[in-house]
Amino acid sequence: MATLTNKKDFSRLFAGLIVIAISLGSFGGNSNFVSASVFVDEELEAKHENSLKAILVNDLMKPYMTTIPCDIAVVGGGSGGFAAALAAARMGVPTCLIEKTDWLGGMLTAAGVSGIDGHFDTASGIFREFLNRVSNYYAERETLDETNRCKVSFFCFEPHIGNLILNQMFSEQKNLKVFFNAEVQKVYREENTVLGISFKMGGKEYVMPSKVTIDATEFGDLMYLADVPFDLGVDEYSAKEDKRGLQCIQPLTYVAILKNYEKDSTIKEPMNYKAENYQCVTKNEQCKDSNSLFTKERLFTYGKLPNGKLMLNIPSHSYGNDFDASDPEFEDLSRYQIMKKAKDYTKGLIYFMQQNLGFEYYGLYNEFGTNDAFAKIPYVRESRRLVGEYRLSKEDVMPNSGRSKLFTDSIAVGDYPIDLHFCDAGYGDIFFSIPPYQIPYGVTVPFEIDGFMAVEKNISVSHLVNGTTRLQPVVMSVGQGVGVAAALAVQNDILPREVPINEIQDILLDQGSRVFYFQDVPPDHFAYKAVSELAVRGVVFGFTDQKFLPWKKIKREEFEQMLNGALANFGGKYPSFAFSDKESKMQRSELARFLAVQILGLSPDENYMMSLAEMGVVNADLSKFRPDDLSSRAEAAVMLMRVIDILEGGF
């Protein structure tokens, strides 16, 4: 195990202490203090200074700067930025996306991490749509079986196919403009409001005034440029989870794609190559006591992609190509130079595998069309983290009686273990399972700054919780929620923090995006929306195994709890109801009559069923009502939620 035996070890310890101090608000409360050049190099620092001096109205008048007004400006076309831009555009709001590369998808595609994290049955919304489209692509070519041969995930695809699908989804939107190979130069801010950005593309500079600006960058750079408060690195509470002091700003990875060329494809020995960095990646003659989780066979299948390709993304716990980009020894380097070292580190792993582990026929495959055949961007696990209206912590995602904390302002659901990589190789990681959890809207909205929102790894979470919210399904789901919220803010001429959460949730549920998780109530279930709405209100919780049991016949006691929970939200306007014979089941006709007479105040002598049909509480075709059938929990939830909607509408 590691001991502090050299200058680098002491430097890393000192850097870690500084990072903790940043998160605790030391240095005069300036959460923007950062020592790592990968987060602030000279180029970014110069942009920050220019942003501080920039005045939007002045730049709008400069003849050499072209103005492109856009209601919503999304900076960064990664997984979260893509989803945010798509969701906003689908709501009819003019939306612009500014992307530094010529690909969409970020970690899903441009970074090469095309092995999906999480579980297929929890995928929802735009993310589920993406998976379905990619699946259909391979199914049409009769190669769908090749997407489930990787060991890292339930579904792996070629990055360039993912980029193709994302571009197809974008091309269907008339309200969406994409600016590729564009780089932000300034963020305009007046007092506590962000007003837009400027960017360069093709040698020209553009000014983009916007009503909402969304930071979807990989490193959270917009927060730095606009002086939006953020945290970075290990916070006090996360540090307690690691008694060995190994936590750091999580390492990034420069992914490479390999392919078997059936001939010697050994690369040149990389600069500064050190075989000892990789010799324990498996148990072998050079490291007989390796504690790696990989065998040579697993290396061949871990990142196996369709068409004989192999994604190389091996964690630090097994001496792979995770790279500590925040190492203090890089303090005087630019981000570009640090990324070059990260690529060299991955080259070193490839060279070691070719020389020692039987991978000599596996050579670099240029999946990305880059000059060096590497991914277009690094896989960034951790970035700046917004100081939001709410900070999601470990206590929020850990189970309590089988479930994580309830958030009534939920806009997404996460479903992946907390997974924090260490910077030092061979020391394991922080990894523990958690149940599906909710992500509240407050983590995307700054505590004080208006006209600004965050997605990607930039949301307001603790260092520890970033270990689960950083994954593709979560990032894309949060992005969809933010896109919907930003669009509503523009349409109603209000601030993002003022958007009613029930309106956001209503649209997300209509789009099949989860805001609460029940294992047995998927988005295509007839009661999905009603059950989800009741759940986020704290009316129904289901059972400890994440199930709602929608088919189960409802007992009077269960309906009593459901009903009184829903009516409690009306501030005492309605009395509490108590049923006799609590264990008996309820017929559909009995349930309908109770809601009609006791809640809606319809006369029992009138044809209340016809009235319920006209109100939309029951199907308009009453011949299908089945009055003598016992009501299921799902049917009761649907009828109750429809009645609640009527009451909230001012019936």
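Residues numbered from 1 in each chain as written. Predicted model: local features only at pLDDT ≥ 70, side-chain atom pairs only at ≥ 80, totals over all residues. Heavy atoms only, no water.

Caption draft 1: Focus on the state of the cysteines. Inspection of the entire model under this criterion finds 4 disulfides. Between Cys 248 and Cys 423 runs a disulfide, and the two sulfur atoms are separated by 2.0 Å. Its torsion about the S-S bond being 100 degrees, the disulfide of Cys 248 and Cys 423 is classed as right-handed. A residue pair is termed long-range when its members are at least 10 positions apart, and Cys 248 in the loop between α9 (236-239) and β10 (252-253) and Cys 423 in the loop between β18 (418-421) and β19 (429-432) qualify at 175 residues. The disulfide that involves Cys 280 links it to Cys 287, with 2.0 Å between the sulfurs. Because the torsion about its S-S bond is 90 degrees, the bridge between Cys 280 and Cys 287 counts as right-handed. The burial state of Cys 280 is the same as that of Cys 287; both residues are buried. Indicated for the chain is the disulfide connectivity 1-2, 3-4, 5-8, 6-7, based on numbering the bonded cysteines in sequence order. (Disulfide = S-S within 2.5 Å. Helix = DSSP H or I, 4+ residues; strand = E, 2+ residues; numbered from the N terminus. Buried < 20%, exposed > 50% of the residue type's maximum accessible area, 1.4 Å probe, protein only.)

Caption draft 2: Main features of the side chain of Asn 466. Checked against the element boundaries, Asn 466 lands in helix α13 (residues 466-469). Here Asn 466 falls in the buried class, since its relative accessible area comes to 0%.

Caption draft 3: Spatial organisation of the sheet that holds strand β5 (residues 182-190). With respect to topology, 4 strands assemble into an open sheet ordered β1-β7-β6-β5, the strand pairing being mixed. Looking at the sheet topology across the chains shown, the edges are occupied by β1 (65-67) and β5. Adjacent strand axes in the sheet meet at a mean angle of 25 degrees, parallel and antiparallel pairs treated alike. The sheet contact formed by strand β6 (residues 193-201) and strand β7 (residues 204-209) spans 6 bridges and is antiparallel. Within the sheet, the bridge partner assigned to Ser 198 lies in β7 and is Val 207. (Pairing = 2+ DSSP bridges. Axes fitted to C-alpha atoms, helices over the stretch in contact; angles between N-to-C directions.)

Caption draft 4: Geometry of the pairing of strand β11 (residues 256-260). As paired elements, β11 and strand β13 (residues 309-312) share 4 bridges and run antiparallel to each other. Note on β13: the bridge partner recorded for Lys 259 is Lys 309.

Caption draft 5: View of unusual backbone geometry. For Tyr 319, which is not a glycine, the phi torsion comes out positive at approximately 60 degrees. Of note, Tyr 319 is situated in the loop between β13 and β14 (322-323). A residue is classified by how much of its surface remains accessible, and Tyr 319, at 14% relative accessible area, is buried. With a phi close to 50 degrees, Asp 493 is a non-glycine residue in the positive phi region. Tracing the backbone through its elements, the reader meets Asp 493 in the loop between α14 (472-491) and α15 (501-510). What makes Asp 493 exposed here is its relative accessible area of 69%.

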